[in-house]
Amino acid sequence: MSLFEKRIRELEQSLPHLEPGEVARWLEEEKSFLLVDVRQPEEAAAGTIEGAINIPRPKLEAGIESHMADADQPVVVFCGGRGRSQLVADSLRTMGINAHVLRGGYAAWRETWPR
C-alpha cells in the first residue's frame with residue numbers, strides 16, 4: 001500500500017463523513033452549510049451537485065472563509081471519489097473549520113441521486 005493510500009485510509013477513519021442521502025436531506029431542509037466541490041474547474045463543469053461552489057483544492061484554504069456565512073457554519077467537501085476531499089477536510093479541521101466529507105464523493109452522489 002502506498003503512503004498516500006495509507007494516509008487516506010487513516011483520514012477515512014478519523015474524519016466526520018456524511019452519506020449522500022444525508023447531504024440531500026440537508027439540501028432539502030435548507031440547512032445552513034457550505035457545499036464545496038474541490039475538483040478542478042473542468043471536472044466540476046462536467047457535472048456537480050446543485051448548490052455547490054467550486055473551489056479547487058490548491059486555492060481552498062486561502063479562500064474558504066470568504067464563502068462562509070459564519071465561522072461555525074458546517075462545510076461539506078467532495079471530490080470525484082475520496083482522496084482530495086479527505087486531505088482538504090483534514091486541513092480545514094486543522095484551521096478550526098467544521099468540515100465534513102461527502103462519503104464516496106461525486107461518484108457516490110451520482111449513483112444515489114442521478115437527477
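Each chain carries its own residue numbering, running from 1 in the written order of its sequence. The model is predicted, so local features are restricted to residues of pLDDT at least 70 and side-chain atom pairs to those at 80 or more, both for listing and for counting; the totals for chains, interfaces and linings are taken over all residues. The side-chain numbers reported here are obtained from all heavy atoms of the structure, hydrogens and water having been left aside.

Caption draft 1: Spotlight on the packing of helix 1 (residues 3–14) against helix 5 (residues 83–94). The axes used here are C-alpha line fits, helices contributing only the stretch in contact, and every angle between their N-to-C directions lies in the interval 0 to 180 degrees. In this description a helix means any DSSP run of H or I spanning at least four residues, a strand means any run of E spanning at least two, and both kinds are numbered starting from the N terminus. For the pair helix 1 and helix 5, interaxial distance at closest approach is 10 Å and the crossing angle is 60°. Of the possible angle classes, the one that applies to helix 1 and helix 5 is oblique. Judged by the sense of rotation from one axis to the other, the crossing of helix 1 with helix 5 is left-handed. Where helix 1 abuts helix 5, its residues Phe 4, Arg 7, Ile 8, Leu 11 and Glu 12 lie against Gly 83, Gln 86, Leu 87 and Asp 90. Across the contact of helix 1 with helix 5, the residue classes tally to 4 nonpolar, 2 polar and 3 charged. In what follows, roughly perpendicular refers to angles from 65 to 115 degrees, roughly parallel to angles under 35, roughly antiparallel to angles over 145, and oblique to any angle outside these ranges. Crossing handedness is read from the near helix: turned anticlockwise from the far helix by less than a right angle, it gives a left-handed crossing, and turned clockwise, a right-handed one. Note on contacts: a residue pair qualifies if any of its non-hydrogen atoms lie within 4.5 Å across the two residues. Residues are sorted three ways: Asp, Glu, Lys and Arg are charged, Ala, Val, Leu, Ile, Met, Phe, Trp, Tyr, Cys and Pro are nonpolar, and all the rest, Gly among them, are polar.

Caption draft 2: Inspection of the pairing of strand 5 (residues 99–102) at higher detail. Burial along strand 5 is two-sided: Ala 99 and Val 101 and His 100 and Leu 102, pointing in opposite directions, are all buried. Judged from the 3 bridges that link them, strand 4 (residues 75–78) and strand 5 form a sheet pairing that is parallel. Within strand 5, the residue paired with Val 77 across the bridge is Val 101. With the strands aimed away from the viewer, a crossover counts as right-handed if its path from the first strand over the helix to the second runs clockwise. The handedness of the strand 4 to strand 5 crossover, carried by helix 5, is right-handed. Only protein chains enter the area calculation, which uses a 1.4 Å probe; residues under 20% of their type maximum are buried, those over 50% are exposed, and those in between are partly exposed. In this description, strands pair whenever DSSP reports at least two bridges between them.

Caption draft 3: View of the nonpolar core. Grouped together as the largest cluster of nonpolar side chains are 18 residues, with contacts concentrated most on Val 36, Val 38, Leu 60, Ile 64, Val 75, Val 77 and Leu 92. Sorting the residues of this core by element identifies strand 2 (34–37), strand 4, helix 5 and strand 5 as the ones contributing at least two each. Looking at this core element by element, the count peaks at 3 residues for helix 5. Non-local contacts of Ile 64, meaning those with residues more than four positions away in its chain, are made with Leu 34, Val 36, Ile 55, Val 75, Leu 92, Met 95 and Ile 97. In these notes, a set of buried Ala, Val, Leu, Ile, Met, Phe, Trp, Tyr and Cys residues joined through side-chain atoms within 4.5 Å is what counts as a nonpolar core.

Caption draft 4: Representation of helix 1 in the model. Every helix has an expected span of 1.5 Å times one less than the residues it contains. For helix 1, spanning 12 residues, the distance from its first C-alpha to its last is 17 Å, which sits close to the expected 16 Å at 1.5 Å a residue. Three or more residues of helix 1 are buried, namely Glu 5, Ile 8 and Leu 11. Here the buried residues of helix 1 occupy an arc of 125° about the axis, which is enough to place them on one side. In helix 1, those exposed residues whose orientation departs by more than 90 degrees from the buried face are Leu 3, Gln 13 and Ser 14. Those residues of helix 1 that are buried are in contact with strand 1 (17–18) and helix 5. The directions considered for the arc are those from the helix axis to the C-beta atoms.

Caption draft 5: Highlighting the environment of Val 101. Relative to the helices and strands, Val 101 resides in strand 5. The exposure class assigned to Val 101 is buried, which follows from its relative accessible area of 0%. For the pair Val 101 and Val 23, spaced 78 residues apart in sequence, the C-alpha to C-alpha distance is 9.9 Å. If we skip the residues at most four places from it in the chain, Val 101 touches Leu 15, Pro 16, His 17, Leu 18, Val 77, Ser 85, Gln 86 and Ala 89.

Caption draft 6: Structural detail: the sheet that holds strand 1. One open sheet accounts for 5 strands, arranged 1-5-4-2-3; its pairing is parallel. Across the chains shown, the open sheet's two edge strands, defined by having one partner strand only, are strand 1 and strand 3 (53–54).

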